Amino acid sequence: MKTVKQLLQEKGHKVTTIDPDASVFDAMQLMAANNIGALLVMKDEKLLGILTERDFSRKSYLLDKPVKDMHVKEIMTRQVAYVGLDNTNEDCMALITEMRVRHLPVVDEGKVVGLLSIGDLVKDTISEHQFVIKQLERYIYDTPEI
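Residues numbered from 1 in each chain as written. Predicted model: local features only at pLDDT ≥ 70, side-chain atom pairs only at ≥ 80, totals over all residues. Heavy atoms only, no water.

Engineer: Can you tell me about the pairing of strand β4 (residues 103-108), naming the residues and giving the values?
Structural biologist: Within β4, 5 of the 6 residues are buried, which leaves the element mostly enclosed by the surrounding structure. In the sheet, β4 pairs with strand β5 (residues 111-117) via 6 bridges, with the strands oriented antiparallel. Looking at the pairing, H103 lines up with S117 of β5. In sequence, β4 turns back onto β5 through a hairpin of 2 residues, with E109 there showing a positive phi of about 50°. (Buried < 20%, exposed > 50% of the residue type's maximum accessible area, 1.4 Å probe, protein only. Helix = DSSP H or I, 4+ residues; strand = E, 2+ residues; numbered from the N terminus. Pairing = 2+ DSSP bridges.)

Structure representation (structure tokens):
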């Protein structure tokens, strides 16, 4: 299993963030423009929460006001599960399953250095399985006869 550090080396460290005082409308536009499902809510490089499509779909209607008048801080998730660079894909999958989340910020020495999604983790798992299958096929079919 790869470490989070290895996964980020392949994926990249780009993280899209938003200020907690930004409008939910602006947040949804930012997600759509970047084709992503979550934004890290940050202020002065400090992680305050995460805003996901799930937060929007489940919480925004409860405020009973126009989306342009809602602020990110009103519907964001404040308790954020996160991982470090030394965690493995398996660690991440376990945490995602346990916490019922789809995105994990990566924090190193108190700073956000990346973001992994369930899709990133599944993609890596499939790649690893395909590698093992190819190795087994090679072993079975390429073994010289005695």
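Engineer: Summarise the environment of I118; cite the residues concerned and give the values.
Structural biologist: Looking at the element boundaries, I118 is found in helix α6 (residues 118-142). Counting along the chain gives 14 residues from I118 to L104, while the straight-line C-alpha distance between them is 8.3 Å. Sequence-distant contacts of I118, that is, excluding residues within four places in its chain, are made with M93, I96 and R102. (Contact = heavy atoms within 4.5 Å.)

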